[in-house]
Amino acid sequence: MTPTPRRSNPRPQATNAHPLRFGYGTNGLADLRLDDALALLADLGYDGVGLTLDHMHLDPLAPDVAARTRKVARRLDTLGLGVTVETGARYVLDPCRKHGPSLLDPDPADRARRVDLLIRAVRIAADLGAHAVHCFSGVLPVNPTHLANPADPANPASTADTTEDTAWKRLAEALTPVLDAATHAGIPLAVEPEPGHLLATLADFHHLRRILGDPPALGLTLDIGHCQCLEPLSPADCVRAAAPWLRHVQIEDMRRGHHEHLPFGDGEIDFPPVLEALAATGYQALTVVELPRHSHAGPHFAAQSLPFLHRAARAIPAGAEGSTP
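These lines cover the structure that appears in this document, whether it is placed above or below. What you see is a predicted model, and the numbers here were worked out from it, not measured in a lab. (Residues numbered from 1 in each chain as written. Predicted model: local features only at pLDDT ≥ 70, side-chain atom pairs only at ≥ 80, totals over all residues. Heavy atoms only, no water.)

Structural notes on the overall build of the protein
- Secondary structure summary: the protein contains nine helices and 10 strands in total.
- Scored against the burial criterion, the 325 residues of the protein give a buried share of 54%.
- Contacts in the protein between residues far apart in sequence, at least 24 positions, make up 75% of those at least 6 positions apart.
- Approximately 14000 Å² of the protein is accessible, and the part contributed by carbon and sulfur atoms is 53%. (Helix = DSSP H or I, 4+ residues; strand = E, 2+ residues; numbered from the N terminus. Buried < 20%, exposed > 50% of the residue type's maximum accessible area, 1.4 Å probe, protein only. Contact = heavy atoms within 4.5 Å. Areas by Shrake-Rupley, 256 points an atom, 1.4 Å probe, with all protein chains shown as cover.)

The structure is reproduced here in structure tokens:
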């Protein structure tokens, strides 16, 4: 079925030569009802949405999630919005532990809860016609007793109860059934390198890929701000290096060494080269603005972000599209 946008005005394109597709993450619109958030993004001219599965929007644990998903799918189709499913909700599984439990938790039952969430996400993504399912590894678990007296040198807070080798094994084992589900559904699983997590860098992603035997369903979420924060390569060079595995892109401004998602223009990133690199790779999925800590003013930042990205895209030199790295 051909989508029929709700608005009569045509959606502005970034540039005729470089058909990059921009979205905005619902974790940056957490104070809006999902239907209102989707309508806002369509009216602003976004091409899609990064839909974070959470209790305030589309709750993956709701007993009627299948019916809710069908309703959201119809709404996306009506508005002409593409979608990527994101799984970074802070407290969707545990009201007391941010992003807990993770795929690295010592308790197998806790790891299984995160696996179940990701498999649910794959099913929801398939029903929505999503480009990919995003996820991340989680942080290396720390023994709670080490937090009791962090000033005690004999009991440092950095001492983990899980070795890195054990954590990588847990991660690979936990992701195996998720990748099986993703393969069956035809939806790529896009793992995000996250500062502070076990899988924090592009090099870590490739380590996981080798452990798992390079399964076709395993892809990459590249956060452009994270590249600026800690990668040795520039953000544009990160895009080129990641191109064969790139399934989802998140974008915001950031400063070197500071993991703080910033509105465009408040950080250090030079965006035209980044968008040029994306265009040159032939990347076809969504590039989603990621400003979760600015949700209190989400409509304002959503309205500001798209014109910024269009201006940056118009600065791409002619002929850059399709010139693979």
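Section: helix 1 (residues 34-44)
- For helix 1, every residue scored as buried is listed here: Leu34, Ala37, Leu38, Ala39, Leu40, Leu41 and Ala42.
- Residues of helix 1 that are buried make contact with strand 1 (21-25), strand 2 (48-52), helix 2 (65-79) and helix 9 (298-314).

Re the pattern of salt bridges
- Considering all chains together, one arrives at 10 salt bridges under this definition.
- Among the ionic pairs, Arg97 bridges to Asp110, the shortest N-O distance being 3.5 Å. Within this pair, whereas Arg97 is found in the loop between strand 3 (82-86) and helix 3 (108-128), its partner Asp110 is found in helix 3, the two being separated by 13 residues in sequence.
- A salt bridge links Arg209 to Asp214; its shortest N-O distance comes to 3.3 Å.
- Residue classification places Arg209 among the buried residues on the basis of a relative accessible area of 13%.
- By relative accessible area, Asp214 is classed as partly exposed at 41%.
- When salt bridges that share partners are traced, they join Asp94, Arg97, Asp105, Asp110 and Arg113 into one network. (Salt bridge = Lys/Arg side-chain N within 4 Å of Asp/Glu carboxyl O.)

Digging into the pairing of strand 1
- Counted residue by residue, strand 1 has four buried out of five residues, so it is predominantly covered.
- Strand direction decides the pairing type here: strand 1 and strand 2, joined by three bridges, are parallel. Pairing of Tyr24 across the sheet is with Val49, part of strand 2.
- Note on the crossover from strand 1 through helix 1 to strand 2: the handedness is right-handed. (Pairing = 2+ DSSP bridges. Right-handed = clockwise from strand over helix to strand, strands pointing away.)

A short note on the packing of aromatic side chains
- Under the counting rule described, the total for this entry stands at four aromatic pairs.
- Geometrically, the ring pair formed by Phe264 and Phe271 is edge-to-face, given 5.1 Å between the ring centres and 90° between the ring planes.
- What makes Phe271 buried here is its relative accessible area of 2%.
- Relative to Phe308, the ring of Phe264 lies with its centre 4.9 Å away and its plane at 5°, an arrangement referred to as stacked. Note that Phe264 is positioned in the loop between strand 9 (258-262) and helix 8 (271-281) and Phe308 in helix 9, a separation of 44 residues in sequence.
- Overall, Phe264 belongs to the buried group, its relative accessible area being 13%.
- On the basis of relative accessible area, Phe308 is assigned to the partly exposed category, the value being 21%.
- Here a set of aromatic residues connected by ring pairs shows up, and it is made of Phe264, Phe271 and Phe308. (Phe/Tyr/Trp six-rings, centres within 6.5 Å; stacked < 30°, edge-to-face > 60°.)

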